[in-house]
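This is what each chain is made of:
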Amino acid sequence: MSIMNLNSFIYMRHELVLVAVILLFLLAEIVVGSKNKNFTVNFAAGLFLLATAIGFLPIPYGEMFGGMYQTSEVNILMKNVLNVGVLIVFLQSIAWLKKDENEGRITEFFLLIVSTLVGMDYMISAGDFLMFYLGLELATIPMAALAAYQVYSIKSAEAGIKLLLLAALSSGIMLYGVSMLYGANESLYFADLIQNLSNNPLNILGLIFVFSGLAFKISIVPFHFWTADVYEGAPMNVTSYMSVISKASAAFVLMTLLFTVFKQLSQEWTYALYITSVLTMTMGNLFALRQKNIKRYLAFSSIAQAGFIFLGIIAGSQMGMSTVIYFLAIYIFSNLAVFGVAGAIFNQTGKESIDDYNGLYKTNPALALTMTFGLFSLAGIPPVAGFFGKFFLFTAAMESGFLWLTVIAVVNTIISLYYYLLIIKAMYIIPNDQPIEKFSSDFYMKAGLILATVGILSIGFFGGIHNYIFDISFGILN
Amino acid sequence: MIQGIGLHEILVVSSLMFFLGIYGFFTRKNLITILMSIELILNSVNINFVAFNKYLYPNMMQGHFFSLFVIAIAAAEAAVAIAIIIDLFRNIKTIDVEKVSTMKN
């Protein structure tokens, strides 16, 4: 812990760049005004591309504010993955933002998304529960405003208020746990907690409350009730942002918390995660089977995916952590491909029912193909990255001796195949007299979809990616 | 620190407040009262932090600062929540949660 100097602000590069981006958005809004749509979207997408690129520049790692903020190679990697994901979300949402219904509110959308991203970055880099809480709230409150973005729509407002109230409840529960940890350990610095946390009841209670609070954000099964409604009510692009970026960051943070702060209590949390993981996979899959609306369908699919993510966390090894990050990256790209196609169709036709996808391949083969890649990846079918993600997750769980959990996960993968293939069947096989007409998306949407597809295909084929993540990960044992 | 009252009593009060808040959150029908229930939860957390700080670790201020941040963020949360509630009220003229549910499984 050195005395803070200005040089150490370089560690905070990701967040500072994003804050600068927010300020520039505001400035552009004042100088150019909200009438010039093309300028606004080009400026926003270009600026964010720049911010993403800056994130990839090599930089030293370290801590600041006396350990409240810390970066490591894994943190930086996760932030970069999130940045790329948000870039794709931006590209995919431009066509929708240009519609008349969003007149004069385009900058707002970008502002709110970048604000939540700053929150997630701080949450990922937190070295203290206060910083963690601030990041979490910064990632949550603008998210509710985003969900309620369509002010004229009852559904959207309903999604916003549901998200906000349940997020507030969950952070209240989490804070109660944090207060117990404070009472038992005197300090809230992660570095102190790692050493002091003992097996006493107050700490275990704190663990349960903190875990429950975060489980809300990842929508693990006993805490998943808000997910489907919020996902359905929010605008399509916001839903894709929530289910992909927000979830991935929360899952990553939960994993690092369990692997560092709650390392001493691994006996306790392993069983909690075991049960919730099985419940999450099974319930998510069973509910996904009977959904008719594509957003609700994807909501339950993403709940089921969260259950799979837990496999790697339960494994607790270095392999487990690296596969979780690897799987999250794949999940981001696959889900964005699927959401991108759903969003393109929704923008064009306003349709969001699964039956509307019948015969899509005949009229829009490119979209159908992208959707197929995304769904194959989510289901875990060999040529695409999702297969490798699931394969490594199962391997990690098996290596740590969780045989039955792996068996249940495999059974669940087979169940999930059924409903993922339902959409593929609809697109390729089921005949339809009035399929969605042939249309061409704008440049941004195409770029977003291509980026997501390239991600899906390349992550699987370049073995070096997983090796790199493995090298920078850490297990619970060391 | 209050003479004659130990940490134990304060924690009982804060736990009661916390679970009353949880109970209120799930049983109340009015969005504003649900928001009030959340404030109860957050304030019970504040009491915990301040009490732990005052009774157990009086040399450090971490608990006090944490509760200050919680208060500030609760205000931000309430501001956004009320904005959305007003938006809902303009659309459907009610803030009863049972009427604010257009989506079904």
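For the structure itself, look to the data block above.
Below, the structure is looked at part by part. Each chain carries its own residue numbering, running from 1 in the direction its sequence is written. Chain labels run from A onward and ligand labels from 1 onward, assigned in the order the entries are written. Local features in this predicted model are restricted to residues of pLDDT 70 or higher, and side-chain atom pairs are both shown and tallied only at a pLDDT of 80 or more, whereas totals for entire chains, interfaces and linings draw on every residue.

### Digging into the overall build of chain A
Okay, step 1: For the purposes of this entry, the term helix denotes a DSSP run of H or I that reaches at least four residues, the term strand denotes a run of E that reaches at least two, and both are numbered from the N terminus. Secondary structure summary: chain A contains 19 helices and 2 strands in total.
Okay, step 2: Two things to know: the radius of gyration comes from C-alpha atoms, and the globule rule equals 2.2 Å times the number of residues to the power 0.38. In summary, chain A has a C-alpha radius of gyration of 21 Å against a globular reference of 23 Å for 478 residues, a match within 12%.
Okay, step 3: Overall, the C-alpha framework of chain A stretches about 65 × 55 × 45 Å when taken along its three principal axes.
Okay, step 4: Counting the 478 residues in chain A, one finds 60% classified as buried.
Okay, step 5: Two residues form a contact once the distance between their C-beta atoms, set from the backbone, is within 7 Å. A sequence separation of at least 24 residues applies to 80% of the contacts in chain A between residues at least 6 apart. Each residue is classed by its C-beta neighbour count within 10 Å, where at least 20 other C-beta atoms makes it buried, 12 or fewer makes it exposed, and intermediate counts make it partly exposed; the C-beta atoms are placed from backbone geometry.

### Comments concerning helix H1 (residues 7–27) of chain B
Residue and element names in this part refer to chain B.
Okay, step 1: The first and last C-alpha atoms of H1 sit 30 Å apart over 21 residues, in line with the 30 Å expected at 1.5 Å per residue.
Okay, step 2: Buried within H1 are the following residues: Ser14, Phe18, Gly21 and Phe25. For H1, the buried positions fall inside an angular range of 60° around the axis, keeping them on one side. Among the exposed residues of H1, those oriented more than 90 degrees off its buried face are His8, Glu9, Val12, Leu16, Tyr23, Phe26 and Thr27. To estimate the expected span of a helix, subtract one from its residue number and multiply by 1.5 Å. This arc is built from the directions going out from the helix axis to the C-beta atoms.

### A few points about the nonpolar core
Okay, step 1: Structurally, a nonpolar core is described as a collection of buried Ala, Val, Leu, Ile, Met, Phe, Trp, Tyr and Cys residues joined by way of C-beta atoms within 7 Å. Grouped together as the largest cluster of nonpolar side chains are 210 residues, with contacts concentrated most on Ala144(A), Ala147(A), Leu164(A), Ala251(A), Leu311(A), Leu328(A) and Ile84(B).
Okay, step 2: Filtering out sequence-adjacent residues up to four positions away, Leu311(A) remains in contact with Ser277(A), Leu393(A), Phe394(A), Ala396(A), Ala397(A), Leu405(A) and Ala409(A).

### Structural notes on the environment of Ala144(A)
Okay, step 1: Inspection of the secondary structure puts Ala144(A) in helix H5 (residues 129–147).
Okay, step 2: Under the C-beta neighbour-count criterion, Ala144(A) is labelled buried, with 27 such atoms within 10 Å.
Okay, step 3: Between the alpha carbons of Ala144(A) and Ala167(A) there is a distance of 8.8 Å; along the sequence they are 23 residues apart.
Okay, step 4: Dropping the residues within four chain positions of it, Ala144(A) is found in contact with Gly160(A), Leu163(A), Leu164(A), Ala167(A), Val80(B) and Ile84(B).

### Details of the environment of Gly312(A)
Residues and elements named next belong to chain A.
Okay, step 1: Topologically, Gly312 is positioned in helix H12 (residues 294–315).
Okay, step 2: A sequence separation of 220 residues divides Gly312 from Gln92, and the C-alpha atoms of the two residues are 30 Å apart.
Okay, step 3: Contact partners of Gly312, with chain neighbours within four places excluded, come to Gly320, Met321, Thr323, Val324, Phe327, Leu393 and Ala396.

### Examining the packing of H5(A) against helix H3 (residues 62–92) of chain B
Okay, step 1: Axis separation between H5(A) and H3(B) bottoms out at 10 Å; the angle between their running directions is 5°. As far as their axial angle goes, H3(B) and H5(A) are roughly parallel. Listed contacts from H3(B) to Leu130(A), Leu134(A), Glu137(A), Ile141(A), Ala144(A) and Ala145(A) of H5(A) are Phe66(B), Phe69(B), Ile73(B), Ala76(B), Glu77(B), Val80(B) and Ile84(B).
Okay, step 2: Grouping the constituent residues of the contact of H5(A) with H3(B) by class yields 11 nonpolar, no polar and 2 charged. Axis lines are fitted to C-alpha atoms, over the contacting stretch for helices. Their N-to-C directions set the angle, which ranges from 0 to 180 degrees. Working rule for angles: under 35 degrees goes down as roughly parallel, over 145 as roughly antiparallel, 65 to 115 as roughly perpendicular, anything else as oblique. Residue type decides the class: Asp, Glu, Lys and Arg count as charged, Ala, Val, Leu, Ile, Met, Phe, Trp, Tyr, Cys and Pro as nonpolar, and the leftover types, Gly among them, as polar.

### Side note on the interface of chain B and chain A
Okay, step 1: Each partner contributes to the interface: chain B provides 32 residues, whereas chain A provides 30 residues.
Okay, step 2: When contributions to the side of chain B that touches chain A are tallied by element, the ones reaching two or more residues are H1, helix H2 (31–55) and H3 of chain B.
Okay, step 3: The greatest single-element share of the side of chain B that touches chain A, amounting to 16 residues, is contributed by H3(B).
Okay, step 4: Residues of the side of chain B that touches chain A, tallied by class, amount to 25 nonpolar, 5 polar and 2 charged.

### Side note on the packing of helix H11 (residues 266–289) of chain A against H12(A)
All names here are of chain A.
Okay, step 1: With their axes 8 Å apart at the nearest point, H11 and H12 run at an angle of 155° to one another. On the basis of their axis angle, the class for H11 and H12 is roughly antiparallel. When the axes of H11 and H12 are compared, the crossing they make is left-handed. Of H12, the residues touching H11 (which contributes Thr270, Leu273, Tyr274, Thr276, Ser277, Thr280, Met281, Gly284, Asn285, Phe287 and Ala288) are Tyr297, Phe300, Ser301, Ile303, Ala304, Ala306, Gly307, Phe308, Phe310, Leu311, Ile313 and Ile314.
Okay, step 2: The residue makeup of the contact of H11 with H12, split by class, is 15 nonpolar, 8 polar and no charged. Handedness of each helix crossing follows the sense of rotation of the near helix against the far helix: counterclockwise by less than a right angle gives left-handed, clockwise gives right-handed.

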